[in-house]
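# Commentary on secondary and tertiary structure
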Amino acid sequence: MPLTDIDAQRLGDSVADKLGERNLIINGAINVAQRGTSSTDEGYKTVDRFFIQRSGGTVTHTQTAITSGSPYDEGFRNVLRLTNTATNTGVNGHRNAFQYIEAQNLAQSGWNYTSSSSYVTLSFWVRSSVAQEFFGYLRTFDGTEQGYSFSTGTLSADTWTKVTKTISGNSNITINNDSGAGLQVNISPFWGTNYTDSGNTTESWAAFNSGSRTPNYTNTWANTAGATFDITGVQLEVGNTATPFEHRSFSYELAKCQRYFTKMGTVTQYAPGYSSNARGAGGYIVFPTQMRAQPSVDLSSITYSNGNSLTAQSRTIHGFAANYVAAADNTTSVTFTYEAEAEL
């Protein structure tokens, strides 16, 4: 019996729900936070793969659990929350969250990014404690940088809104097939007027201009102490339709995050039986997954048994040599933790 159009559509939807690797965003469900769950510092400090940028005022960013609401009903249990802990609406002020997508992931995604008839679709859940329109933008980095701004629409206070944007390619876009930054996805509760422009045209590609990232913001959120801005379910996929979010297991998502940052608990290395002068010893530490580039390595919580020096040497994308000085005529050991970072 031939499939009807309705049957084919249902089959297609069912298959789409089960296809992996649709989402070009890593940790879009906000489940992985290797570094910690709360920080007031700028940078990669809490939720993996999301960089928090701020200037003027302060913002606390947290991985925050949710127990109800539309995203919860769709399987989300965490949000990235930005709390406006000190108000500032200056022209140079900003508070925003973004993720860099590795260029080769885009180049090999199937998106014909130079064609206006080829699309990617961005979708995410957003909630603000104050009613306001917010903006975000995409930014490419190879060749002549390009920018694409978009609006969330005016959000109702304390109400979840699903934002979906279908984005065409453009002949001016260049994306290299390498491990550098190919695209930035930025979702912003506030930009000061040195970064915005009333003449900015949303949902249209143009040469990136740091003074015209988005249209101008109203200052309601930025001028409200304790205001919150939550996002979760961030997905960027090839095609002109937002499919259901690609929920991935925690272990799988963690492994994808560890390409850029790895934090390892207690490691113990032994060096037996030196019989003369003190000399170097150690072992090779293998990362849980291949890292994007040669990482920086930070060693901490170091405890020696008959030793006195530990260094990370011969760093590669695969691991590093943990070298330490062992005391003479003794079996020696060292325990430590490490962080390896190769973020974009």
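Residues numbered from 1 in each chain as written. Predicted model: local features only at pLDDT ≥ 70, side-chain atom pairs only at ≥ 80, totals over all residues. Heavy atoms only, no water.

### Let's talk about the sheet that holds strand β3 (residues 58-65)
Pairing is antiparallel across the open sheet formed by 6 strands, whose spatial order is β1-β3-β4-β12-β6-β9. Each of the sheet's edge strands pairs with one partner strand only, and the pair in question is β1 (38-39) and β9 (161-168). Here 4 bridges tie strand β4 (residues 78-86) to strand β12 (residues 228-238), and the two strands are oriented antiparallel to one another. The partner of L82 across the bridge, within β12, is F229. (Pairing = 2+ DSSP bridges. Helix = DSSP H or I, 4+ residues; strand = E, 2+ residues; numbered from the N terminus.)

### Thoughts on the nonpolar core
Within the largest apolar cluster, 47 residues are counted, with the highest numbers of intra-cluster contacts made by L80, L122, L138 and L236. Examining the composition of this core, we find that 5 residues originate from one element, strand β10 (residues 181-191), more than from any other. Residues within four places of L80 in sequence aside, it is in contact with I30, T46, V47, F50, I52, H61, T62, A97, F229, D230 and I231. Of all hydrophobic cores here, the second largest spans 15 residues; its members include V297, F320, A322 and A342. (Core = buried A, V, L, I, M, F, W, Y, C linked by side-chain atoms within 4.5 Å. Buried < 20%, exposed > 50% of the residue type's maximum accessible area, 1.4 Å probe, protein only. Contact = heavy atoms within 4.5 Å.)

### Regarding the packing of aromatic side chains
The final tally for this structure, using the stated rule, is 18 aromatic pairs. Between W111 and Y113 the ring centres are 6.1 Å apart and the planes differ by 70 degrees, which places this aromatic pair in the edge-to-face class. Under the relative-accessibility criterion, Y113 is labelled buried at 17%. An aromatic cluster is defined as three or more aromatic residues linked by ring pairs; in this entry it consists of Y44, F51, F98, Y100 and F141. Of note, R49 hangs over the ring of Y260, and the distance from its end group to the ring centre comes to 3.8 Å. Against the face of Y72 rests R77, its NZ or CZ located 3.6 Å from the ring centre. (Phe/Tyr/Trp six-rings, centres within 6.5 Å; stacked < 30°, edge-to-face > 60°. Lys NZ or Arg CZ within 6 Å of the ring centre and 35° of its normal.)

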